[in-house]
Amino acid sequence: MIRVENLTKVFGDDPQPAMDLLKQDVSTADIRERTGLNVGVRNASFELDEGEVFVIMGLSGSGKSTLLRCINRLIEPVSGTVHLKTDEGELEIGALSDTDLRRVRRERMSMVFQRFGLFPHRRVVDNVAYGLEIQGVGVEKRRKRSEEVLEIVGLGGWGNSYPSELSGGMQQRVGLARALATDAQVLLMDEPFSALDPLIKVEMQNELLRIQKELQRTILFITHDLDEALRIGNRIALMEAGEIVQVGTPEQIIVNPKTEYVADFVKHADPTGVMTASTISLPVPGPRFRETDRDGDVTYYARSGYDDVEYGVDADGRFRGARLQGQEAETMDIDDALGAKLPGIRRSDVVLRTRPDHTLRHVLQGRTYGILPTVVVDADDHLVGVISENELIHALLYKRANEASTDDGDREDAA
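Let us look at the structure shown here.

Reading the values: the criteria
- Per chain, residues are indexed from 1 in the order of the written sequence.
- Local features in a predicted model are, by the rule used here, given only for residues with pLDDT of at least 70; side-chain atom pairs are given and counted only at 80 or more, and totals for whole chains, interfaces and linings are based on all residues.
- Side-chain metrics rest on all non-hydrogen atoms present in the structure, leaving aside hydrogens and water.
- We count a stretch as a helix when DSSP gives it H or I for four or more residues in a row; a strand needs E for two or more, and each element gets its number in order from the N terminus.
- Residues belong to a common nonpolar core when they are buried Ala, Val, Leu, Ile, Met, Phe, Trp, Tyr or Cys residues joined through side-chain atoms within 4.5 Å.
- We call a residue buried when its accessible area falls under 20% of the maximum for its residue type, exposed when it is over 50%, and partly exposed in between, using a 1.4 Å probe and counting protein chains only.
- Any two residues whose heavy atoms approach within 4.5 Å at even a single point are treated as in contact.
- At least two DSSP bridges between two strands are needed for those strands to be called paired.
- In this analysis, axes come from line fits to C-alpha atoms, helices being fitted only over the stretch in contact, and the angle between any two N-to-C directions falls in the range 0 to 180 degrees.

**So, the environment of Asp-13**
- Within the secondary structure, Asp-13 sits in the loop between strand S1 (2-11) and helix H1 (16-23).
- A sequence separation of 24 residues divides Asp-13 from Leu-37, and the C-alpha atoms of the two residues are 9.1 Å apart.

**Examining the nonpolar core**
- Formed by 55 residues in total, the largest nonpolar core has its most connected members in Val-55, Met-57, Met-189, Phe-221 and Ile-236.
- Ranked by the residues each element gives to this core, the list is headed by helix H8 (residues 168-181), at seven residues.
- The contacts of Met-57, once residues within four sequence positions are left out, are Lys-64, Thr-223, His-224, Asp-225, Leu-226, Ala-229, Ile-236, Ala-237, Leu-238, Met-239 and Phe-265.
- Listed in part, the 30 residues of the second largest apolar core include Ile-71, Val-82, Leu-84 and Val-104.

**Concerning the sheet that holds strand S3 (residues 53-57)**
- A sheet is described by the order of its strands in space; here six strands give the open sequence S6-S7-S8-S3-S9-S10, paired in mixed fashion. Each edge of the open sheet carries a strand with a single partner, namely strand S6 (109-112) and strand S10 (243-248). On average, each strand axis in the sheet is inclined to that of its neighbour by 20°, with strand direction left out of account.
- Where S6 and strand S7 (residues 186-190) come together, four bridges link them in parallel fashion. What sits directly across from Val-112, in S7, is Met-189.

Here is the structure:
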């Protein structure tokens with residue numbers, strides 16, 4: 001949907017000295033010291049897939065908002081290209097005339113700012129309709145569309161109110177509705193929730209996720225809040241000193257930080273909502289226990305240290321049940337267990353099954369039902385691995401699966 005290639009922005013009347021030093025791979029700090037020029041964005045490259053929420057985050061001054069504004073040319077980049085895929089073909093934003101650029105901003109790339117920017121003298125419905133009004137849409141049609149979008153953002157019935165009569169969270173919903181009303185393919189959101197109180201902020205994140213599930217827009221979202229990025233992003237790009245230093249899924253960012261800067265950024269993050277069962281599980285088989293011809297050839301294996309629980313797989317590696325102390329054990333999907341009434345004492349006679357994409361938090365919730373290791377089974381019933389108490393402790397204490405080998409001994413001691 002959007003492809004950004006080597007986008008660079010240098011602030012100053014004559015950026016060429018900085019550009020020359022960039023080609024020599026001189027650091028951003030050294031360029032500023034030697035030339036007095038500030039490199040706002042440094043050779044940024046990434047792609048957004050259609051329907052993706054792509055989050056750009058970093059500390060204040062890292063260049064994330066500058067990058068966003070270079071994409072729609074609110075700030076003119078010095079070099080690099082931005083390509084927007086449309087039904088009519090691919091547009092290069094930097095090559096557009098002023099007239100065509102304004103059309104793209106009105107119809108294809110809506111922007112949602114941190115400050116709501118509502119017109120205080122206009123009713124809510126007219127604020128939402130502003131983009132349509134600029135496009136020349138008739139009064140009746142744009143009012144109907146505005147009312148439809150207000151329903152989507154949970155403000156049905158508020159159309160005749162004025163912004164001053166709404167709370168901060170409600171005003172932000174109006175700003176979001178205004179962006180949605182134009183049917184723009186891409187939403188550029190510059191820290192839209194950062195000015196909100198914490199509870200309202202979480203509410204707006206929930207609202208965005210709900211709307212995105214329904215409308216599947218392509219969203220480029222700027223934030224300095226790691227928890228927000230982990231919560232809403234399909235992928236995250238971290239910026240430092242104008243440069244994108246890592247791009248990955250929330251889990252990849254937590255599990256495998258590529259630089260010390262990224263590692264420091266995520267070290268206090270809550271891993272339970274992003275780490276998945278496939279990441280924290282350990283593979284089976286372990287020691288082979290027995291074979292049986294019942295229901296076909298099934299071979300049973302056990303994890304070392306958990307020899308009382310055996311896991312049966314067929315010749316294709318599909319999970320065929322479990323045994324507890326040699327006797328067939330009950331198996332249950334984790335969602336069924338969580339939907340059932342919790343036992344007074346956690347069950348020690350049932351093996352829970354979970355999917356590879358279930359989060360650590362989901363697996364932990366399953367531990368309120370049973371104490372035995374959880375099996376991870378994919379959509380084709382292949383046994384992916386087993387999650388015991390040790391894996392849960394490691395995931396919670398260390399958060400990253402790729403700790404340096406010097407820390408491995410410490411993990412075993414902690415377990």
